[in-house]
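Single-letter residue listing:
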Amino acid sequence: MEERAAHHVQSLERGLAVIRAFNTGAPELTLSDVARVTGLTRAAARRFLLTLTDLGYVRTDGKYFSLTARVLELGYAFLSSMTLPEVAQPHLERLSAEVHESSSVSVLEGADIVYVARVAVSRIMTVTINVGTRFPAHATSMGHVLLAGLDRAALESYLSSAVLDKLTARTLTEPGALRAELDVVREQGWALVDQELEEGLRSVAAPIRDRRGTVVAAVNVSTHASRTSRESVRDEMLPLLLAAAKRIEDDLAITPAQARRG
């Protein structure tokens, strides 16, 4: 059993686990579902769900529970403290207008990328992508850029613990193969992922660095493989993407938050 620090508040951990039990694939859950997903007893799961209902974060019809929009306040507190989404948004709008495709910015959180800014031109995936959407880093272009930006110890920790699910026939699932690909990404300064997250989805990403040169985020352009070849992505979209990444970095470097960090 993992040893917890003296300051650890187990009830807070369990309450957050209950919130995280809900996702795109399971927007509505029964009491039994929540208990199973979180590992809590039914009695404990019921107490947490009813407390969250009293606080306005969960609603119920008596059988099924679901999150309310108030949960967004928790994520907004994080996003509003960041300069990155606000800085990046106009550059994403310009980039999307230039390439006529959707563009996004994400950060790395654990084994996933989390979208923090996005301009959607057309829907090319089976799921809707919004700010806060998460995808496994190993299967995405932004994930490859962010993983390539980790130091050696952090990358090895990721490779030893991450579950590299095979999402399509093209997904890299062998740690050695992924490590080799990340070496290429690190050397060339960008990543092109071809239908590894979803069939038909082709994406290219570049790093966003802070004033110290540390990779803090990634920006991408995504397109459908049926209308844009790998060569077109590399020759036509990549230069515009790299220019957008540079503009974001330049603006990010002069924000007050960056000045405080620097």
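The structure under discussion appears in the preceding block.
Residues numbered from 1 in each chain as written. Predicted model: local features only at pLDDT ≥ 70, side-chain atom pairs only at ≥ 80, totals over all residues. Heavy atoms only, no water.

*Asks:* For the pairing of strand β5 (residues 112–119), give the residues involved together with the corresponding values.
*Replies:* Of all eight residues making up β5, seven are buried, and the element is well covered by its neighbours. Where strand β4 (residues 102–109) meets β5, seven bridges bridge the pair, whose relative direction is antiparallel. Bridged to S103 within β5 is V119. (Buried < 20%, exposed > 50% of the residue type's maximum accessible area, 1.4 Å probe, protein only. Helix = DSSP H or I, 4+ residues; strand = E, 2+ residues; numbered from the N terminus. Pairing = 2+ DSSP bridges.)

*Asks:* For the sheet that holds strand β3 (residues 64–67), give the residues involved together with the corresponding values.
*Replies:* Sheet architecture is open: three strands sit in the order β1-β3-β2, paired in antiparallel fashion. Two strands bound the open sheet, and with one partner strand each, they are β1 (28–30) and β2 (58–60). Averaged over all pairs of adjacent strands, the angle between their axes in this sheet comes to 35 degrees, without regard to strand direction. As paired strands, β1 and β3 are joined by three bridges and run antiparallel to one another. Bridge pairing in β3 places T30 opposite Y64. (Axes fitted to C-alpha atoms, helices over the stretch in contact; angles between N-to-C directions.)

*Asks:* Describe the packing of helix α2 (residues 31–38) against helix α3 (residues 42–55), with residues and values.
*Replies:* Interhelical geometry of α2 versus α3 gives an angle of 110 degrees and a closest axis separation of 9 Å. In terms of axis orientation, α2 runs roughly perpendicular to α3. Between α2, through L31, S32, V34 and A35, and α3, the contact on the second element is made entirely by R42, A45, R46 and L49. Partitioning the contact of α2 with α3 into residue classes produces five nonpolar, one polar and two charged. (Parallel < 35°, antiparallel > 145°, perpendicular 65-115°, else oblique. Contact = heavy atoms within 4.5 Å. Nonpolar A, V, L, I, M, F, W, Y, C, P; charged D, E, K, R; others polar.)

*Asks:* Explain the packing of aromatic side chains to me, and be specific about the residues and the numbers.
*Replies:* Overall, the coordinates contain one aromatic pair when judged by the stated rule. Centre to centre, the rings of Y115 and F135 are 5.9 Å apart; their planes meet at 80 degrees, and the pair counts as edge-to-face. In this pair, Y115 sits in strand β5 while F135 sits in strand β6 (residues 134–136), placing the two residues 20 residues apart along the sequence. Each member of the pair, Y115 as well as F135, is classed as buried. Positioned above the aromatic ring of Y57 is the side chain of R70, whose terminal nitrogen or guanidinium carbon lies 5.2 Å from the ring centre. (Phe/Tyr/Trp six-rings, centres within 6.5 Å; stacked < 30°, edge-to-face > 60°. Lys NZ or Arg CZ within 6 Å of the ring centre and 35° of its normal.)

*Asks:* I'd love a proper account of the pattern of salt bridges, names of residues and values included.
*Replies:* Scanning the model with the defined rule gives twelve salt bridges in all. Residue E109 pairs with R134 through a salt bridge whose shortest N-O separation is 2.7 Å. You can see E109 sitting in strand β4 and its partner R134 sitting in strand β6, a full 25 residues away along the chain. Linking R134 and D112 is a salt bridge whose minimum nitrogen-to-oxygen distance equals 3.2 Å. Of the two residues, R134 sits in strand β6 while D112 sits in strand β5, which places them 22 residues apart along the sequence. Overlapping salt bridges bring together R170, D194, R202 and R230 as one network. (Salt bridge = Lys/Arg side-chain N within 4 Å of Asp/Glu carboxyl O.)

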